[in-house]
Each structure stands twice: as structure tokens, then as C-alpha cells.
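Architecture and fold: a report
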Amino acid sequence: MAVILSDAFTGTNGDPVNTSNWTHRVSAGSGTALIQTNRMRLLSVGASYAESYVLAAPASGDIDDFEFVGSWDLAAAGEQQYIKVFYRCTENATSGSPQSCYALEIQVTDGNVYLGSVASGGGYSGMAGPVAHTLDDTVRHWLKIRVVGTAHQIRWWDDGSSEPGTWNIDTTNADWTTGRFLLAHVSGGDSNSRRADWDDISIDDLVAPTNPTPSVVAISATIPAP
């Protein structure tokens, strides 16, 4: 297993996030991705369903099999907003709404989580959901996404609690095999600014490091005659 991206978002409040790890953009309205209290504040602003994205930028670019782990919290409970994760994305990764990818959507106020496949052109095919959640609060939560081949496994839990031994979502799909990874925050239809603060993110490509075979060194010794 090899970690290809790790970020604890340490820095000065108001500074942009590390551009070696993330590229920020918007698709509707406006938004920012800035350091705030050593976390990434992903903010969506100024329009109905404003979309604020960060595109992960590991050296490899595309990611196929991976394990994502990160934690987030919200400013307030009961605010209309959505947390989204897109992976294995090969279309509209750098502009517009991601397509040719998988999409995880946490509907915060509706209390449901969905996982689906997004085709080129935007057609959505559900894979799992609605899966009920209790994430509409200001508690810090953890999210883990593990994707190996056609297997997709996702779980979440409260900070301070033990990680569950079971998955909230455990399904299979073979639509997409590799592509880019994005996090997104979407405000509600009321056009109010919303945010999620992310921390302690890591992405592991699940590839075991290759250790070189140790060289065999021949040692000869002269044995003295008796």
C-alpha cells in the first residue's frame, strides 16, 4: 500500500490549500478552498446549488484502485447542502460537472446517501441508496471509500468513535476503471453560502511498494592448511 496524497492542511488562515495536492474550481456560483484552523474550508457561495470543487493532484493523475480517508464537519445543522465525491472521472474533471465517473452524494438535510455511475452526457444510474445517515450536525465525521476492481465499499462514523467493521455501502459496478478524484461541496437552493471543513485526508493507491531483491554477495575465504 502506497499513500499517493496526504494533507493535514496546516497553514495560515486564509491561505489557499496546497496546490501540489489540490486544484480548486467552481461549476456554478463561486467558492473557495482555503486553510481555516488547519483544515480545508471548501465553501460554495452566491447561487442556487453553487458547486465548489477540489481536484486531487497526485503525481500519477488518474487513480484506479484506491482507499480514501478523511474527516469533515459543517458550520451548522439543518442547512441545505450536499457533500459529493467523484472518482474514476475521465470527463469534465477540470471544468463543468464531472461525467464518466462514479459519484457519491451525501444529502445532508435529507438524511440520505447515494452512490451512482454518471455517464458521458450526465445520465445517472443508481448503484446504492438511499442509505440513511445521521450526519446533519456539527460533529466531526470520518469517511472511508475503498474501491478495488469492481468492488465499491463506503462507510462513515463519528470522530471519537471506533471505525465500524461493516460498510454502509457495499456494491459492485464495472462502468469505469480509472480517472481523477474530486471532492465537492454544493449549497442548497436558497443561494446561501455553505461550507464543509475537511482534514486529515489521505489517498492510498493500494499498490504494495516494490522492494528490490537483495543482492547475493559471494564471500570467499582462504582456509589455512593445518
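A brief structural summary. (Residues numbered from 1 in each chain as written. Predicted model: local features only at pLDDT ≥ 70, side-chain atom pairs only at ≥ 80, totals over all residues. Heavy atoms only, no water.)

Some thoughts on the overall build of the chain
Inclusion rule: Segments assigned H or I by DSSP are reported as helices when at least four residues long, segments assigned E as strands when at least two residues long, and all are numbered from the N terminus. Think of it in three bands: residues with accessible area under 20% of the maximum for their type are buried, residues over 50% are exposed, and the middle band is partly exposed, with areas taken using a 1.4 Å probe on protein chains only. Every residue pair with non-hydrogen atoms within 4.5 Å of one another is taken to be in contact. Calculation of accessible area relied on Shrake-Rupley with a 1.4 Å probe; when residues are assessed, cover is drawn exclusively from the protein chains displayed. Note that His is not counted, nor are the chain ends; the positive residues are Lys and Arg, and the negative ones are Asp and Glu. Throughout, a charge is located at the NZ atom of Lys, the CZ atom of Arg, the CG atom of Asp or the CD atom of Glu.
Tallying secondary structure elements over the chain gives 0 helices and 15 strands in all. Along the longest, intermediate and shortest principal axes, the C-alpha atoms of the chain span 95 × 40 × 35 Å. When each of the 226 residues of the chain is scored for burial, the buried share is 46%. A sequence separation of at least 24 residues applies to 63% of the contacts in the chain between residues at least 6 apart. Counting only carbon and sulfur atoms, one obtains 49% of the accessible surface of the chain, whose full area is about 10,500 Å². Within the chain, the 25 negative side-chain charges are centred at a point lying 2 Å from the centre of the 12 positive side-chain charges.

Quick look at the pattern of salt bridges
The following threshold applies: The working definition used for a salt bridge is a side-chain nitrogen of Lys or Arg within 4 Å of a carboxyl oxygen of Asp or Glu.
For the coordinates displayed, the defined rule picks out 13 salt bridges. When the shortest N-O distance is used, the salt bridge between aspartate 73 and arginine 39 registers 3.2 Å. Residue aspartate 73 is located in strand S6 (residues 66-74), and its partner arginine 39 is located in the loop between strand S3 (30-35) and strand S4 (40-45); the two are separated by 34 residues in the primary sequence. A salt bridge links arginine 195 to aspartate 73, with the nearest nitrogen and oxygen atoms 3.2 Å apart. In this pair, arginine 195 is assigned in strand S15 (residues 194-204) and aspartate 73 in strand S6, connecting sequence segments 122 residues apart. Accessibility assignment for this pair places arginine 195 and aspartate 73 in one class, buried. A single network of salt bridges, built from pairs that share partners, joins Arg39, Arg41, Asp73, Arg140, Arg195, Asp197 and Asp199.

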